[in-house]
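Now for the letters of each chain:
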Amino acid sequence: MVEVLAVRLRPRAGPAKICLRSGGQEGAEVADHEAAQLSAPIEASPGLPFPPPLVLPQVLPSAEEAAALYRELSQNPGISTACLGPDVTTQYGGKYCSLYTEWSQRDLVQAKSIKFCRQYLLFHDGASIVYAGPGGACCEISNELLSCESPSGALKAVLLKVAGKEKEKEKEKQFLEVWYQNLKVKSIDLTALDKHGSVYDDDQFGCLAWSHSETHLLYVAEKKRPKAESFFQTKAPELDGSADEELECPKKTDAPIKGEQFVYYEDWGETLSTRSVPVLCVLDIEGSSISVLEGVPKHVSPGQAFWSPDDTGVVFVGWWHEPFRLGLRHCTNRRSALFYVDLTGGKCELLSEDTGALWSPRLSPDCCHIAYLENRVLGPHQQCSRLRMYNWRTKQTCTVLEAVPRQVWGAFPGIYCTTLPRLCWAADSRRLVLDTSQRSQQDVFVVDTQTGSTTSLTADAPQGSWSVLTIDRDLLVAQFSTPSCPATLQVAVLPGVGQEAQIKWICLQNAPPVPGINWGIRTLKPPPDQENPQYEGLDFDAILLRPSEGPTVQKPPLVVMPHGGPHTVFSAGWMLYPATLCRLGFAVLLVNYRGSLGFGQDSVNSLPGNVGTQDVRDVQLCVEQVLQEEQLDASRVALVGGSHGGFLACHLIGQFPDTYRACVVRNPVVNIASMLTITDIPDWCLTEMGVPYVPNNLPDPAHLTVMLQKSPISYINQVRTPVLLMLGEDDKRVPPAQGLEYYRALKARGVPTRLLWYPKNNHALAGVEAEADGFMNIVLWLLQHLQG
C-alpha cells in the first residue's frame with residue numbers, strides 16, 4: 001500500500017491538505033491577500049509596466065502562441081544585488097537611506113541578458129519603515145563586472161570591461177574606476193599595467209573589497225603567465241639600446257620563454273575554465289599602484305578575500321589544488337581552509353582546521369567574529385552544512401549550528417545554501433540572517449550565534465521562495481517569488497533579540513501574478529518495499545503546476561521534471577520553463593525525490609549507491625499517484641530533465657516505457673563508466689555509486705561494471721519513447737560525448753530522436769539564445785508526440 005500525504009508545507013490546525021495557489025480569478029484574490037500581508041501600513045510602489053497577459057485556450061497551443069507567451073514571460077526580471085546607502089538625517093529629525101538594486105532580464109532581440117539598476121528610498125525610525133518608494137527610473141548597466149561601495153558609503157569602486165579595437169586585434173581590456181559622489185576620481189587601466197591576468201568576476205573566487213581605511217582595494221586575478229615563443233621564432237634585428245636610454249624607455253624584463261607555448265594549465269572546470277592560478281592583488285588608490293601579494297601557500301588557490309580588522313593583512317579561503325584541480329562550481333565539498341596573510345612580513349597563518357571544506361567567510365560589524373559555512377570533504381557535492389565562527393581576539397573556533405539529520409516542522413531545517421549574503425550580520429554583531437531550503441520551499445532565518453537559537457522570519461509570510469539580498473544596520477532586503485509570481489522586492493527592519501518573529505515585511509517592488517496557474521506541494525512516502533533500510537521513514541515532495549480550469553473538458557497532458565544534481569532541490573519559486581509550459585496547457589510535476597536538499601542530511605546520504613533505483617522509483621511513484629488523484633491525461637505524459645534529471649528521464653523511458661510518450665533531455669548522464677575520465681567531477685561518478693573517491697586509484701573493473709549497470713544506457717533496448725537531446729558544446733561537467741553516445745544508440749535501434757547542438761554553451765545551456773531556442777524545441781517536440 002502506497003502512503004501518500006498531501007500537505008500545506010506549514011503546520012496548521014486541522015487535517016492536512018494540498019495547498020493550491022491560483023493565478024486566475026481565484027489566484028488574484030490570493031495575491032491580494034498576500035499583498036495585504038506583505039505591505040504593512042504603507043503602500044507598495046507600483047511594479048514595472050508589463051503588457052497585458054496573453055489569454056490562451058485550454059488546448060495545446062500552436063508554435064506561434066508558444067513563442068509569444070515565452071517572449072512575454074521571459075521579460076520578467078530577477079534581482080541579483082541590493083546595497084543600502086548610509087543614513088541621512090532630515091532637518092525634521094527623520095532618517096532615510098537609499099536602496100540600490102541590480103536586476104537582470106533576458107533580451108530576446110539582442111540574444112543576451114541585460115543588467116539594469118533601480119534605486120529606492122527607505123524612511124525609517126530604527127524600529128520600522130515608515131515610507132518606502134522608488135527613487136527614480138531604471139537605468140541599464142553595461143560592461144560592469146563588479147562594483148562595491150566603501151564602508152562609509154562615500155566611495156564606489158567599479159570594475160569594467162572594454163572591448164578592444166577590432167582593426168588592431170586588441171584583446172578585451174579591464175579598467176578599475178573609483179567614484180566619489182558624482183565625480184570619477186580614478187580610472188586605472190589594469191590591462192596596461194600588466195601586473196596580472198584578467199580579474200575574476202565570478203562568485204566562486206572573485207571579490208572586490210575596500211580596506212577599512214578606504215585607501216586600498218583588494219581583488220582576485222589570474223596570475224600573469226610568462227610569454228612563450230617557438231624555438232624557430234624569427235625576430236627583427238635588435239637596435240642599439242642607447243636610443244632607448246636617451247628616451248628613458250623601460251627595458252623589457254619579461255623576455256619570451258622558448259618551449260612554453262603549449263604547456264597545459266589546469267582549470268577549475270565547469271563555468272571556471274578561464275580560472276587556473278588565482279592571485280590576491282591590492283590596489284593603492286592614491287598611488288595607482290598594484291601589488292600581487294606574496295605568502296599564499298603554493299598548494300592552495302586563494303579567493304573570497306577580505307581585509308583583516310586592522311588592515312594589516314588579508315583573510316581568504318584557500319582551495320587545495322593538489323594533486324590536481326577538480327570542478328568547483330556547485331561543489332561545496334572541496335578541501336579548503338581559512339587563511340590570514342600578513343602584509344608586513346608576508347607570513348601566512350591557518351585560521352581554521354585544514355580537513356574540511358569551507359566557504360563564504362563573513363566578518364561581523366564589530367570586526368570580532370568571522371562566520372563561515374563548512375561541509376565534509378568529498379562525498380555528496382551538496383550537503384547540509386555547518387555554521388562555524390572564528391573569534392578574531394581569542395583565536396578560537398566554535399560550531400554555531402550542526403548539520404540536521406532530518407527536517408521537522410517547527411524546528412530549524414538545516415543550512416542548504418550555496419553562499420551567505422555578502423552582508424549577513426545584524427548590527428549587534430551577535431545575530432546573522434540566511435536563507436535555506438525547507439523541503440520544497442525556501443525561508444529566511446535569523447541565527448543567534450551566542451545561543452545557537454534560530455527564528456524563522458518568513459513563518460507567517462506567504463509560502464514560496466524567499467532569499468536574503470542584504471542586511472545593513474538591521475534593514476533587511478529580500479526577494480520573494482512563487483511558481484505563479486515572478487520576483488518581488490521585500491524590505492523589513494529586523495526586530496531586537498527575542499522579538500524577531502514580529503518582523504513585518506513590506507513589498508517595495510511588486511510583480512503581477514501570472515494568470516492561469518494553480519500550484520501546490522504534496523508529500524509522498526515510499527511503500528515498504530522501496531524503503532531504504534539504512535534510512536527508513538524518509539519521505540519526499542513534488543510541486544505540481546496545473547492550468548486553471550477552463551471551458552474545455554479535455555484533461556491536460558503531464559510534463560514530469562526531475563531535478564539535476566542529484567543533491568539539489570526544486571524550490572516553490574519562479575521558474576520560467578515550468579510556468580510557461582503550464583500557461584500553454586501542460587500540467588508540470590517537479591519531483592524532489594529522496595536525496596534532495598532541504599529534507600535533512602539523512603535524505604542526502606540515502607541516495608549514493610542507489611542512483612538509478614531509489615530516485616527512479618520515487619519519480620515513477622509520484623507520477624503514478626498524481627495521475628490517479630488528478631484530472632490529467634495518463635495517455636499523454638512526457639519527461640523533461642537536465643544533467644541528473646536527464647539521467648532519470650533516460651532511466652524512466654527504459655524502465656517504464658509504457659508510461660511516457662515523449663522525452664527531452666539536456667546534457668544527460670547516460671553512461672557513468674564512460675563519463676568517469678572525461679568529466680571535471682570524476683569523484684561524482686564514484687560517490688554516487690557508493691564508492692569512496694581516491695585520486696590516485698585507477699578505475700576498478702568491478703566498479704566500472706556497477707557504473708554501467710546503474711546507467712540509463714543499460715536499458716537502451718527497452719526504449720521506444722521519442723527522445724530530443726540538447727547538448728552544450730562547452731560542457732565540462734557532462735561532456736557532450738555522453739549525449740552523442742545515447743543518440744547513436746537510439747538511432748541504431750530505430751527510436752525517433754533529434755539532437756540540438758549549442759556552440760559556446762556549457763552545462764546549463766543558460767545563454768539567452770540557447771535557452772529560448774531550447775524551450776521552443778521542447779514545445780514543438782511535445783506537441784508533435786502528445787497530440788491526440
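To keep things clear, this report deals only with the structure shown in the data block. These numbers come from a predicted model, not from an experiment.

### Brief notes about the side chain of E630
- Here E630 shows up in the loop between helix 7 (614-629) and strand 38 (637-642).
- The class for E630 is buried, based on a relative accessible area of 18%.
- Within polar-contact distance, the side chain of E630 engages the side chain of R522 at 2.8 Å.
- If sequence neighbours within four positions are ignored, E630 has contacts with R522, L544 and R546.

### A few points about the packing of helix 5 (residues 576-583) against helix 13 (residues 768-786)
- The geometry of helix 5 relative to helix 13 is characterised by a closest axis approach of 12 Å and an angle of 40° between their N-to-C directions. For the pair helix 5 and helix 13, the crossing hand works out as right-handed. Residue-level inspection shows Y577, T580 and L581 of helix 5 in contact with helix 13, the latter providing E771, G774, F775, I778, V779 and L782.
- For the contact of helix 5 with helix 13, the residue count by class is six nonpolar, two polar and one charged.

### A closer look at the sheet that holds strand 20 (residues 313-320)
- Pairing is antiparallel in the open sheet, where four strands are placed in the order 19-20-21-22. In the strand order of this sheet, the two ends are held by strand 19 (300-307) and strand 22 (348-350), each with one partner. If you compare each strand with its neighbour and ignore which way they point, the axes differ by 30° on average.
- Pairing between strand 19 and strand 20: six bridges, direction antiparallel. When the sheet's bridge partners are listed, G303 is paired in strand 20 with V317.

### Some remarks on the pairing of strand 27 (residues 431-438)
- Counted residue by residue, strand 27 has eight buried out of eight residues, so it is predominantly covered.
- Here strand 27 shows a buried face lined by R431, V433, D435 and S437 and a second buried face lined by L432, L434, T436 and Q438.
- Bridging between strand 27 and strand 28 (residues 441-448) involves eight bridges; their strand directions are antiparallel. Pairing of S437 across the sheet is with Q442, part of strand 28.

### Looking at the state of the cysteines
- Within the structure shown, the criterion is met by zero disulfides.
- Not engaged in a disulfide, the cysteine C97 finds its nearest cysteine sulfur in C83; these two sulfurs lie 9.8 Å apart.
- Residue classification places C97 among the buried positions, given a relative accessible area of 1%.

How each quantity is defined
Residues numbered from 1 in each chain as written. Predicted model: local features only at pLDDT ≥ 70, side-chain atom pairs only at ≥ 80, totals over all residues. Heavy atoms only, no water. Helix = DSSP H or I, 4+ residues; strand = E, 2+ residues; numbered from the N terminus. Buried < 20%, exposed > 50% of the residue type's maximum accessible area, 1.4 Å probe, protein only. Polar contact = N/O pair within 3.5 Å; in protein donor to acceptor, adjacent residues only side chain to side chain. Contact = heavy atoms within 4.5 Å. Axes fitted to C-alpha atoms, helices over the stretch in contact; angles between N-to-C directions. Left-handed = near helix turned anticlockwise from the far one by under 90°. Nonpolar A, V, L, I, M, F, W, Y, C, P; charged D, E, K, R; others polar. Pairing = 2+ DSSP bridges. Disulfide = S-S within 2.5 Å.

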